[in-house]
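Close look at the chain arrangement
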There are 2 protein chains.
Amino acid sequence: MTYCVGMLLDKGLVMAADTRTNAGVDNVGKFKKLYTWEFPGDRVFVLLTAGNLAVTQAVVSILSEQINDPPDRGLTLKKCSTMFQAAHVLGDAVREVRKADGDYLTSNGESFAVSFIFGGQIGKERPRLFNIYAAGNFIEATPDTPFFQIGEHKYGKPILDRVARSEMELGEAAKMVLLSFDSTLRSNLSVGLPIDLLTYETDTLKVEHTKRIGPDDPYFKMLSTEWSKALRTAFANIEALDI
Amino acid sequence: MTYCVGMLLDKGLVMAADTRTNAGVDNVGKFKKLYTWEFPGDRVFVLLTAGNLAVTQAVVSILSEQINDPPDRGLTLKKCSTMFQAAHVLGDAVREVRKADGDYLTSNGESFAVSFIFGGQIGKERPRLFNIYAAGNFIEATPDTPFFQIGEHKYGKPILDRVARSEMELGEAAKMVLLSFDSTLRSNLSVGLPIDLLTYETDTLKVEHTKRIGPDDPYFKMLSTEWSKALRTAFANIEALDI
């Protein structure tokens with residue numbers, strides 16, 4: 001399983017993914033699920049992936065290879081002029097992998113289950129954030145719901161539902177996203193540390209702040225401990241039901 | 001969808017179920033999913049149901065009818081002498097419904113998806129709590145994991161994972177269970193108020209405390225508001241990530 005969150009803020013993007021993969025509880029691995037493409041001063045893309053690892057890795061390889069070897073109609077992450085076009089480039093790559101591998105997966109009883117959170121900024125366009133489906137189509141985040149989750153999303157959703165707002169500072173949003181991971185990690189073994197966290201500040205057009213958060217990360221440890229303590233205190237301070 | 005929680009405490013049981021049923025978002029109904037059988041001074045049973053409503057209602061009807069019209073081998077909720085036997089009576093009722101309806105459901109493309117939380121106390125035996133599956137088999141709660149959830153369980157699990165302990169007072173456990181519902185209600189529209197809540201005190205051998213909690217319930221409103229406030233304060237009090 002996997003847990004990824006992407007959040008679109010007025011001030012930028014916060015993107016995070018865990019690194020655990022598993023095909024059964026006795027086949028657990030560590031794979032990166034956060035990818036970036038950076039053309040400093042021009043454009044930045046961040047991709048979070050969930051689902052069939054062979055498919056998501058193939059999509060990432062296609063996107064990377066295309067940059068130097070564009071497909072016939074010529075649109076690549078490097079050449080597209082809006083994030084909407086970039087999301088289409090990604091969707092097309094998903095469809096290309098399905099065309100190549102889909103039938104083989106089906107005949108092997110496996111599903112083409114993948115999903116992506118894709119954010120970034122191109123030139124003077126504002127940063128944008130998309131949730132791309134296995135069919136290659138997608139939706140875009142808006143201020144009403146400024147975040148997307150993929151993978152094991154339920155345990156970590158309540159904190160986002162309560163706290164997420166487009167106006168948050170990047171550091172506050174990163175704190176919220178990490179708390180959402182903390183709840184997920186506690187309740188589902190198939191989501192595991194380390195977490196890859198990226199914060200992107202609007203108009204910098206470069207990848208400046210990435211962080212791999214392992215079990216010994218002092219901030220994450222503090223966050224986890226303080227949150228537990230605060231929840232227990234909050235719980236204790238509310239009057240019990242009078243039976 | 002449905003959300004039900006049952007908790008086994010040293011001091012008794014806390015059992016709660018929502019009342020929303022839906023077959024698609026445009027076909028939403030209100031049905032009770034918490035049932036009790038009470039033989040004051042002798043035994044008390046509480047059942048929470050999730051899944052195919054036709055199946056769960058059939059199971060409940062069988063259990064009730066058997067009491068006055070016992071099946072051949074004679075074991076009913078009224079006559080069994082332990083909660084383990086009572087769980088078997090329930091499992092047998094599930095299997096009886098599958099035998100009668102299972103093939104018809106399958107040929108109609110529907111699944112025999114049901115699950116139950118079943119708690120109670122018989123005579124001098126301590127209260128016990130079971131999670132009964134669609135196959136009619138079951139597991140029993142222990143102090144290590146003193147609660148069961150069925151239905152839409154993920155949103156409300158983090159609070160239980162953090163706070164649930166067998167030693168809690170009934171009123172504290174009821175508060176925790178209602179907070180678990182609060183998180184679920186916020187994140188999933190298919191779980192809805194009112195909530196049926198039952199608290200059972202060990203050795204009373206009667207159903208004394210049941211409560212239907214609707215949107216105007218003052219305790220639930222207070223709980224929901226105070227918890228939101230406390231979470232936001234707790235969140236604000238933790239240092240943001242320094243980027």
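Fair warning: this is a prediction, and the values are worked out from it, not measured in the lab. (Residues numbered from 1 in each chain as written. Chains lettered and ligands numbered in written order. Predicted model: local features only at pLDDT ≥ 70, side-chain atom pairs only at ≥ 80, totals over all residues. Heavy atoms only, no water.)

A closer look at the overall build of chain A
Convention followed: Labels follow the DSSP assignment, with helices taken as runs of H or I lasting at least four residues and strands as runs of E lasting at least two, numbered in each case from the N terminus. Note on method: radius of gyration uses C-alpha positions; expected globular size equals 2.2 Å times residues raised to 0.38. Exposure classes here rest on a 1.4 Å probe applied to the protein chains alone. A residue is buried below 20% of its type maximum, exposed above 50%, and partly exposed in between. Per-residue and other accessible areas follow the Shrake-Rupley method at a 1.4 Å probe size, with only the shown protein chains counted as cover for residues. Positive residues here are Lys and Arg, negative ones are Asp and Glu, while His and the chain termini are left out of the count. Charge coordinates come from a single atom per side chain, which is NZ of Lys, CZ of Arg, CG of Asp or CD of Glu.
Along its length, chain A carries five helices and 12 strands. Relative to its length of 243 residues, chain A is compact, with a C-alpha radius of gyration of 19 Å against a globular reference of 18 Å. With the C-alpha coordinates of chain A rotated into their principal frame, the extents come out at 70 × 45 × 35 Å. Each of the 243 residues in chain A was classed as buried or not, and the buried ones make up 55%. Total accessible area computed for chain A in this model is approximately 10,600 Å², and 49% of it derives from carbon and sulfur atoms. Across chain A, the 27 positively charged side chains and the 31 negatively charged ones have centroids separated by 1 Å.

Remarks on the side chain of B:R128
Residues and elements named next belong to chain B. Defined as follows: Counting of polar contacts relies on pairs of N or O atoms within 3.5 Å, with two restrictions inside protein: one atom must be capable of donating a hydrogen and the other of accepting it, and residues adjacent in sequence are counted only when both atoms are side-chain atoms. Here, residues are in contact when the closest pair of their heavy atoms is within 4.5 Å.
Of note, R128 is situated in strand 8 (residues 128-132). Residue classification places R128 among the buried residues on the basis of a relative accessible area of 12%. At a separation of 2.5 Å, a polar atom in the side chain of R128 contacts the side chain of E125. Beyond its immediate stretch of four places on either side in the chain, R128 contacts L8, L13, T82, M83, F84, F118, G119, G120 and E140.

Points about the relation of the copies chain A and chain B
Note the cut-off: A least-squares superposition brings the copies together, and it is based on the C-alpha atoms of residues with pLDDT no lower than 70 in both.
With an RMSD of 0.0 Å, the fit of chain A onto chain B corresponds to turning through 180° and sliding 0.0 Å along the axis. Taken together, the rotation and translation describe the operation of a two-fold axis. Residue A:Y155, judged by its C-alpha, is the member of chain A lying nearest the rotation axis, at 2.5 Å. The share of interface residues of chain A whose copies in chain B are also at the interface is 100%, consistent with both copies meeting through the same surface.

Thoughts on the sheet that holds strand 11 (residues 195-201) of chain B
Residues and elements named next belong to chain B. The condition that has to hold: Strand pairing is assigned whenever DSSP identifies at least 2 bridges connecting the two strands. Axis lines are fitted through C-alpha atoms, for helices just across the contact stretch, and the angle between N-to-C directions can take any value from 0 to 180 degrees.
Strand order in this open sheet of five strands is 10-1-2-11-12, and the pairing throughout is antiparallel. The open sheet has two free edges, formed respectively by strand 10 (147-151) and strand 12 (209-213), since each of these has just one partner strand. Within this sheet the neighbouring strands show an average axis-to-axis angle of 10°, counted without direction. Pairing geometry for strand 11 and strand 12, over five bridges, is antiparallel. Looking at strand 12, one finds that I195 is bridged to I213. With respect to the sheet, helix 4 (residues 170-187) is in contact with strand 1 (3-9), strand 2 (12-17), strand 10, strand 11 and strand 12, its orientation differing from that of strand 1 by roughly 160°.

Focus: the sheet that holds strand 6 (residues 43-51) of chain B
All names here are of chain B. In space, the five strands of this open sheet follow the order 5-6-7-8-9, with antiparallel pairing throughout. Edge strands, defined here as strands with exactly one partner in the open sheet, are strand 5 (34-39) and strand 9 (138-140). Strand-to-strand twist across the sheet, computed as the mean angle between neighbouring axes with direction ignored, equals 20°. The pairing of strand 5 with strand 6 spans six bridges and is classified as antiparallel. Paired with T36 across the two strands is V46, which belongs to strand 6. Along the sheet, helix 1 (residues 53-68) makes contact with strand 5, strand 6 and strand 7 (114-122), crossing strand 5 at roughly 5°. Where helix 2 (residues 83-107) meets the sheet, its contacts fall on strand 6, strand 7, strand 8 and strand 9, and the angle it forms with strand 7 comes to roughly 150°.

Things to note about the packing of aromatic side chains
The criterion, for reference: Pairing of aromatic rings covers Phe, Tyr and Trp, the last counted by its six-membered ring, and requires centre-to-centre distances within 6.5 Å; plane angles under 30 degrees mean stacked, over 60 mean edge-to-face, and any other angle means tilted. Here, a charge over a ring is recorded when the distance from Lys NZ or Arg CZ to the ring centre is within 6 Å and its angle to the ring normal is within 35 degrees.
For the structure on display, the rule yields eight aromatic pairs over all chains. Seen in terms of ring centroids, A:F45 and A:F118 are 5.7 Å apart; in terms of plane orientation they differ by 10°. Their pairing is stacked. Taken together, the residues A:F45 in strand 6 (residues 43-51) and A:F118 in strand 7 (residues 114-122) connect sequence positions 73 residues apart. Judged by its relative accessible area of 0%, A:F45 is buried. Grouping aromatic residues by their ring pairs yields a cluster made of A:F84, A:F130 and A:F138. If you follow A:K175 out to its NZ or CZ, it ends over the ring of B:F235, 4.2 Å from the centre.

What about the pattern of salt bridges?
Put simply, the rule is: A pairing counts as a salt bridge when a side-chain nitrogen of Lys or Arg comes within 4 Å of a carboxyl oxygen of Asp or Glu.
Applying the stated criterion across every chain, the model contains 32 salt bridges over all chains. We note a salt bridge from A:K157 to A:D161, for which the minimum N-O separation is 3.1 Å. With a gap of four residues between them, A:K157 and A:D161 both fall in helix 3 (residues 157-163), about one helical turn apart. On the basis of relative accessibility, which here comes to 18%, the residue A:K157 falls in the buried class. Owing to a relative accessible area of 32%, A:D161 belongs among the partly exposed residues under this scheme. Across the pair B:R165 and B:E167 runs a salt bridge whose closest N-O atoms are separated by 3.3 Å. Judged by relative accessible area, which is 45%, B:R165 ranks as partly exposed. One continuous salt-bridge network, built from bridges that share partners, spans A:E125, A:R126, A:R128 and A:E140.

Quick look at the pairing of strand 8 (residues 128-132) of chain A
Residue and element names in this part refer to chain A. Among the five residues of strand 8, five are classified as buried, and the element is accordingly described as predominantly covered. Residues R128, F130 and I132 of strand 8 are buried on one face, and the alternating residues L129 and N131, pointing to the opposite face, are buried as well. Here strand 7 pairs with strand 8 via five bridges, running antiparallel. Bridging from a neighbouring strand, I117 pairs with N131 of strand 8.

Here we look at the interface of chain A and chain B
Operational definition: Using a 1.4 Å probe, buried area is obtained as the accessible area two parts lose upon being combined, added over both of them.
Counting from both sides, the interface comprises 42 residues of chain A and, opposite them, 42 residues of chain B. Both faces considered, chain A and chain B share a buried interface measuring about 3,800 Å² in area, 70% of it formed by carbon and sulfur atoms. Of all residues in chain A, the largest losses of buried area upon contact with chain B belong to A:R162, A:F235 and A:L241, amounting jointly to 24% of the total for that side. Summed over the shared surface of chain A and chain B, the result is four salt bridges. Its salt-bridge partner being B:D182, residue A:R162 comes within 3.2 Å of it at the nearest N-O pair. At the surface where chain A touches chain B, the tally comes to 18 residue pairs in polar contact (both at pLDDT 80 or more). Listing elements by their share of the side of chain A that touches chain B, those giving two or more residues are helix 3, helix 4 (170-187), strand 11 (195-201), strand 12 (209-213) and helix 5 (218-237) of chain A. Of all the elements, helix 5 of chain A adds the most residues to the side of chain A that touches chain B, at 12 residues.

Such coordinate-based values are descriptive only and should not be taken to indicate function.
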